[in-house]
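Summary of structural features
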Amino acid sequence: DGGITQSPKYLFRKEGQNVTLSCEQNLNHDAMYWYRQDPGQGLRLIYYSQIVNDFQKGDIAEGYSVSREKKESFPLTVTSAQKNPTAFYLCASSSGTGEVREQFFGPGTRLTVL
Amino acid sequence: EDQVTQSPEALRLQEGESSSLNCSYTVSGLRGLFWYRQDPGKGPEFLFTLYSAGEEKEKERLKATLTKKESFLHITAPKPEDSATYLCAVQAVWDYKLSFGAGTTVTVRA
């Protein structure tokens with residue numbers, strides 16, 4: 001059953017802590033993305049990766065870091081430098097072939113700072 | 001910079017009352033326009049891709065259309081299960097990334 005999984009579903013962070021959100025896909029997609037969603041706003045791109053061992057900053061990368069060591073996995077670390085991390089985080093993937101990039105999303109992780 | 005504006009922000013419908021959602025966009029060359037459905041607390045679910053003006057696509061009670069400046073998502077005879085937030089996104093010809101609108105939240109009352 002192909003798809004994208006994210007874990008955990010809910011995550012609580014204390015001030016000053018780094019936390020890592022997991023994203024795994026078995027769709028054999030080359031490209032993966034991380035978005036942040038806040039109430040009343042559109043999805044905002046944090047980081048994206050077109051191929052293994054390569055990634056680029058999106059529109060709001062400050063305070064976040066990523067790695068892409070495997071095609072299937074694209075974890076996101078929310079560092080203590082991110083001043084307002086409470087949000088709903090969404091991971092997506094798309095096929096690297098072709099020009100049109102329909103993105104398919106995981107179920108999301110809701111991060112709350114205590 | 002690509003811009004996507006969706007209206008209205010919220011739409012309340014009676015079951016069976018058809019309506020339309022609007023997605024206005026500004027992009028320097030459109031590669032594709034995408035519609036997604038998002039239920040509360042879940043990830044967006046892909047609905048349609050539209051490529052060029054005049055194109056239409058349908059799925060059950062949903063029909064998406066595209067012009068050079070906007071797209072409409074028509075909901076025909078909606079049911080309560082059509083209640084969700086509908087997101088619109090565009091991809092420019094020069095880019096791999098998508099730009100999303102803020103969404104329209106549709107509530108259908110029985």
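Predicted model only: the values in this text are computed from it and were never measured.

What counts, and at which threshold
Residues numbered from 1 in each chain as written. Chains lettered and ligands numbered in written order. Predicted model: local features only at pLDDT ≥ 70, side-chain atom pairs only at ≥ 80, totals over all residues. Heavy atoms only, no water. Helix = DSSP H or I, 4+ residues; strand = E, 2+ residues; numbered from the N terminus. Rg over C-alpha atoms; globule rule 2.2 N^0.38 Å. Buried < 20%, exposed > 50% of the residue type's maximum accessible area, 1.4 Å probe, protein only. Areas by Shrake-Rupley, 256 points an atom, 1.4 Å probe, with all protein chains shown as cover. Lys, Arg positive; Asp, Glu negative; His and termini not counted. Charge placed at Lys NZ, Arg CZ, Asp CG, Glu CD. Pairing = 2+ DSSP bridges. Axes fitted to C-alpha atoms, helices over the stretch in contact; angles between N-to-C directions. Salt bridge = Lys/Arg side-chain N within 4 Å of Asp/Glu carboxyl O. Polar contact = N/O pair within 3.5 Å; in protein donor to acceptor, adjacent residues only side chain to side chain. Contact = heavy atoms within 4.5 Å. 1 Å grid on protein atoms, 1.4 Å probe; cavity = no way out; pocket = protein on both sides within 12 Å on 5 of 7 lines; lining within 4 Å. Points joined across faces, edges and corners; volume = space filled by probe spheres on them. Nonpolar A, V, L, I, M, F, W, Y, C, P; charged D, E, K, R; others polar.

The next thing to look at is the overall build of chain A. Within chain A, the regular secondary structure consists of zero helices and eleven strands. Taken over the C-alpha trace, chain A has a radius of gyration of 13 Å; the compact-globule value for 114 residues is 13 Å, and the two agree within 12%. With the C-alpha coordinates aligned to their principal axes, the bounding extent of chain A is approximately 40 × 30 × 25 Å. By the burial criterion, 49% of the 114 residues in chain A qualify as buried. Of the roughly 5500 Å² of accessible surface on chain A, 48% is carried by carbon and sulfur atoms. Considering chain A, the positive charge centre built from 12 side chains and the negative charge centre built from 12 side chains are found 8 Å apart.

All names here are of chain B. Sheet architecture is open: five strands sit in the order β1-β3-β8-β7-β6, paired in antiparallel fashion. What marks the edges here is a single partner per strand, and that holds for β1 (3-7) and β6 (56-59). Sheet twist, expressed as the mean angle between neighbouring strand axes with direction ignored, is 15°. In this sheet, strand β8 (residues 70-75) lies alongside strand β3 (residues 19-26) in antiparallel orientation, the contact comprising six bridges.

The subject of this paragraph is the pattern of salt bridges. All names here are of chain A. Taken as a whole and assessed by the stated rule, the structure comprises seven salt bridges over all chains. Between Lys-71 and Asp-30 there is a salt bridge, with the nearest N and O atoms lying 3.4 Å from each other. Note that Lys-71 is positioned in the loop between β7 (64-66) and β8 (76-78) and Asp-30 in the loop between β3 (19-25) and β4 (31-37), a separation of 41 residues in sequence. Taking the relative accessible area as the measure of exposure, Lys-71 reaches 24% and is therefore partly exposed. For Asp-30, a relative accessible area of 26% gives the class partly exposed. Because the salt bridges share partners, they merge into one network encompassing Arg-36, Asp-38 and Arg-44.

Mapped onto the secondary structure, B:Arg31 falls in strand β4 (residues 30-38). We classify B:Arg31 as buried; its relative accessible area is 18%. A polar atom in the side chain of B:Arg31 sits 2.8 Å from the backbone oxygen of B:Val93. Aside from chain neighbours lying at most four places away, what touches B:Arg31 is A:Glu99, A:Val100, B:Tyr51, B:Gln91, B:Ala92, B:Val93 and B:Asp95.

This part takes up the layout of surface pockets. In this structure, the largest pocket occupies an estimated 490 Å³ of space. Lining the largest pocket are 23 residues; nearest its centre among them are A:Gln37, A:Pro39, A:Gly40, B:Gln38 and B:Thr85. Elements supplying a minimum of two residues to the lining of the largest pocket: β9 (87-94) and β11 (109-113) of chain A together with β9 (84-92) and β11 (104-109) of chain B. The biggest single contributor to the lining of the largest pocket is β9(B), with three residues. Residue composition of the lining of the largest pocket, grouped by class: nine nonpolar, ten polar and four charged. Roughly 380 Å³ of internal volume is contained in the second largest pocket. Together, 14 residues line the second largest pocket, and A:Asp59, B:Glu1, B:Asp2, B:Ser99 and B:Phe100 are the ones closest to its centre. Elements with a minimum of two residues in the lining of the second largest pocket: β5 (44-51) of chain A together with β1 and β10 (99-100) of chain B. For the lining of the second largest pocket, a count of residues per class yields six nonpolar, two polar and six charged.

Purely geometric numbers; function is a separate question.
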